[in-house]
Amino acid sequence: MSTTLPGAPARAVETAPPRRQEPGRAWQRWISPVAILVIWQLASSTGLLAEDELASPIRVVQAAWDVTLSGELPEGLLVSLVRVVVGFALGAVLGVVLGVWSGLSRWGGLIIDPPVQMLRTLPHLALVPLFILWFGVQETPKILLVALGVLFPIYLNVHAGVRGVDPKLLEMAQVSGFDRREVLRHVVIPGALPSALTGLRLSLGIAWLSLVVAETVSADSGLGYLIMDAREFLRTDVIVVGLVVYALLGLGTDALVRRIEKRALRWRS
Amino acid sequence: MSARASAATGSSAAQVSGLVREFSGRRVLDGLDLTVDAGEFVALLGRSGSGKSTLLRVLAGLDVPDAGSVSVPSSVAVAFQEPRLLPWRSVRDNVALGLRTDTDVDRVLGEVGLAERADAWPLTLSGGEAQRASLARALVREPGLLLLDEPFGALDALTRIAMHDLVLDLWERHRPGILLVTHDVDEAIVLADRVLVLDEGRIVADHAPGPRPRTDVAALRATVLSELGVVDGAA
């Protein structure tokens with residue numbers, strides 16, 4: 001399935017191996033980002049860029065320091081992390097169970113697959129109004145929104161992975177005397193893993209996106225609250241701090257999945 | 001009426017009679033009779049579509065006959081055309097997984113010349129090595145009947161010759177009954193005690209090439225090729 005979904009960090013997927021860089025020249029890639037920062041700073045210093053539209057890089061760094069010391073950022077971060085982790089765990093467990101079940105059993109596939117395939121065309125973020133009606137504005141709707149966003153990519157990729165297990169390997173397992181548990185453990189699960197990991201990577205991007213939307217619509221705590229609260233007071237520096245933290249979190253989870261993939265798929269090398 | 005009995009029947013490694021298998025009205029196997037004696041090496045030749053793969057799948061328990069009776073020993077092992085190794089398990093695990101006896105896996109890996117590659121990932125093996133791993137996986141099960149489904153078809157000529165010697169060597173050591181399905185007439189004549197020709201769902205010819213080693217295969221080769229519908233022996 002396509003890997004460019006909104007919310008997944010924009011990035012070329014599995015292209016050719018990165019061009020080898022000549023040693024000692026890595027700094028050349030930093031020329032333009034640093035230049036942009038300098039120009040941004042200059043524009044702020046000369047008054048070209050108004051403080052209440054976009055704070056200067058130096059102000060942003062200061063604000064990051066301030067909200068860290070005051071405890072606002074660590075507290076908000078913790079609240080947001082808990083929402084993502086709980087929501088992700090919920091959606092992922094359900095996605096894996098449903099995906100394996102519908103992938104393995106004929107009836108499971110007939111019962112589970114059609115409604116999931118229909119529902120996945122619905123942008124889950126459009127459910128925010130209903131979720132607020134049903135679950136109020138506390139933690140439940142935020143966690144469920146994350147869980148729902150995670151459920152679909154995990155389910156679809158696990159299902160496709162299980163269905164895509166090489167039937168020749170299944171025959172081999174049969175004539176080699178594997179019992180049901182061994183077939184699952186040594187053939188089906190490892191066979192479905194590459195696809196499932198693709199689902200994992202997609203779903204983490206969507207988990208963060210869902211959290212941002214849920215927290216921006218309604219929150220009295222968390223990163224999103226920090227940002228919306230800063231908006232009230234035209235604190236563009238704090239807003240940018242929040243955005244940078246969101247970006248770093250996305251980057252961090254992506255790096256985590258890459259490490260998991262490298263370890264789980266080391267037989268491919 | 002059909003049955004696939006899983007009991008060693010006297011001195012035979014496989015006993016098939018009146019085997020019928022149809023696919024959407026087309027009779028692929030049409031009342032086939034076949035006996036492989038215990039420890040006997042039988043090669044089965046046939047054009048593509050002659051039903052040789054279907055017969056092998058029925059003997060392996062991967063397909064169910066529409067009529068007739070099939071009886072095979074309790075331990076049947078298969079080496080397929082592609083090695084069918086689990087790429088995410090080591091060579092040793094590939095041989096050992098699903099094994100219910102405590103056969104020494106490393107000894108068998110040594111016999112096929114893979115002792116040093118026991119911990120390797122299958123994707124790092126050459127074609128010949130992968131096929132030897134597949135043979136080891138079959139042999140470690142100490143089969144009464146070993147089914148070989150064109151296991152050398154995808155190998156280069158030199159590797160194939162080496163594999164022929166290896167298979168003969170392993171067969172003499174373990175003495176399973178072997179049914180080798182192949183389309184290579186020379187291979188069949190060089191390796192087997194008996195060379196069978198399958199056509200239109202039945203065995204139509206049954207040759208015994210005589211004592212090994214076989215240096216002159218030309219005469220029998222011409223006969224078998226004509227039975228396979230290849231005129232002039234110019235294959």
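Conventions we followed
Residues numbered from 1 in each chain as written. Chains lettered and ligands numbered in written order. Predicted model: local features only at pLDDT ≥ 70, side-chain atom pairs only at ≥ 80, totals over all residues. Heavy atoms only, no water. UniProt positions renumbered as here; feature names shortened; annotations may be inferred. Helix = DSSP H or I, 4+ residues; strand = E, 2+ residues; numbered from the N terminus. Contact = heavy atoms within 4.5 Å. Buried area = accessible area lost by both parts, 1.4 Å probe. Salt bridge = Lys/Arg side-chain N within 4 Å of Asp/Glu carboxyl O. Polar contact = N/O pair within 3.5 Å; in protein donor to acceptor, adjacent residues only side chain to side chain. Phe/Tyr/Trp six-rings, centres within 6.5 Å; stacked < 30°, edge-to-face > 60°. Buried < 20%, exposed > 50% of the residue type's maximum accessible area, 1.4 Å probe, protein only. Lys NZ or Arg CZ within 6 Å of the ring centre and 35° of its normal. Core = buried A, V, L, I, M, F, W, Y, C linked by side-chain atoms within 4.5 Å. Pairing = 2+ DSSP bridges. Axes fitted to C-alpha atoms, helices over the stretch in contact; angles between N-to-C directions. Expected span 1.5 Å × (residues − 1). Arc of directions from axis to C-beta.

(A) Structural view of the UniProt feature "domain: ABC transporter" (unreviewed entry) in chain B. Mapped onto this numbering, the UniProt entry annotates "domain: ABC transporter" (unreviewed entry) at residues 14-225 of chain B. When the span residues 14-225 of chain B is considered, its composition is 32% helix and 28% strand, and the gap between its end C-alpha atoms is 26 Å.

(B) Seen up close, the interface of chain A and chain B. Each partner contributes to the interface: chain A provides 20 residues, whereas chain B provides 22 residues. Between chain A and chain B lies a buried interface of about 1900 Å² when both sides are counted; carbon and sulfur atoms form 60% of it. Where chain A meets chain B, there are five salt bridges. Of the charged contacts in the structure, one is a salt bridge between Glu-171 of chain A and Arg-57 of chain B, with a shortest N-O distance of 2.8 Å. Counting the contacts that link chain A with chain B gives 10 residue pairs in polar contact (both at pLDDT 80 or more). Of all elements in the fold, only helix 7 (167-175) and helix 8 (180-217) of chain A reach the threshold of two or more residues within the side of chain A that touches chain B.

(C) The arrangement of the packing of aromatic side chains in detail. If you walk through the whole model with that rule in mind, you get five aromatic pairs over all chains. With a centroid separation of 5.4 Å and 85° between ring planes, the pair formed by Phe-131 of chain A and Phe-135 of chain A is classed as edge-to-face. In this pair, Phe-131 of chain A and Phe-135 of chain A are both assigned in helix 5 (residues 128-135), four residues apart and thus about one turn of the helix distant. Accessibility expressed as a relative area gives 8% for Phe-131 of chain A, which makes it buried. Here Phe-135 of chain A falls in the partly exposed class, since its relative accessible area comes to 32%. Note that Arg-106 of chain A overlies the ring of Trp-107 of chain A, its terminal NZ or CZ placed 5.9 Å from the centroid. Between the NZ or CZ atom of Arg-175 of chain B and the centre of the ring of Trp-171 of chain B, over which it lies, the distance is 4.1 Å.

(D) Expanded view of the nonpolar core. Core analysis: the biggest nonpolar cluster contains 73 residues, and Leu-59 and Leu-147 of chain B have the highest contact counts within it. The leading source of residues in this core is helix 8 of chain A, at 11 residues. Within the second largest apolar cluster, 49 residues are counted, among which are Leu-135, Met-163, Leu-168 and Leu-225 of chain B.

(E) Just the sheet that holds strand 9 (residues 194-199) of chain B, in detail. Residue and element names in this part refer to chain B. The strand order across the open sheet built from six strands is 6-7-8-4-9-10, with neighbouring strands paired in mixed fashion. Strands with a single pairing partner mark the edges of an open sheet, and in this sheet they are strand 6 (76-79) and strand 10 (202-207). Averaged over all neighbouring strand pairs, the angle between strand axes comes to 20°, with direction disregarded. One ladder, built from five bridges, connects strand 7 (residues 145-149) with strand 8 (residues 177-182); its direction is parallel. Note that in strand 8 the partner of Leu-145 across the bridge is Gly-177. Across the face of the sheet, helix 1 (residues 52-60) comes into contact with strand 4 (41-46), strand 6, strand 7, strand 8 and strand 9 while running at roughly 145° to strand 7.

(F) Broad picture of helix 6 (residues 139-163) of chain A. A rise of 1.5 Å per residue sets the reference length of helix 6 of chain A, with its 25 residues, at 36 Å; its end C-alpha atoms lie 36 Å apart and thus fit the reference within 8%. The buried fraction of helix 6 of chain A amounts to 19 of the 25 residues, a majority that puts the element mostly inside the structure.

(G) Structural detail: helix 7 (residues 218-227) of chain B. All names here are of chain B. When helix 7 is considered as a whole, its buried residues turn out to be Leu-220, Val-224 and Leu-225. Taken end-on, helix 7 shows its buried residues confined to a sector of 135°, consistent with a single buried face. In this structure, the buried residues of helix 7 make contact with strand 4, helix 6 (185-191), strand 9 and strand 10. Residue Gly-229 follows helix 7 closely and has a positive phi angle near 85°.

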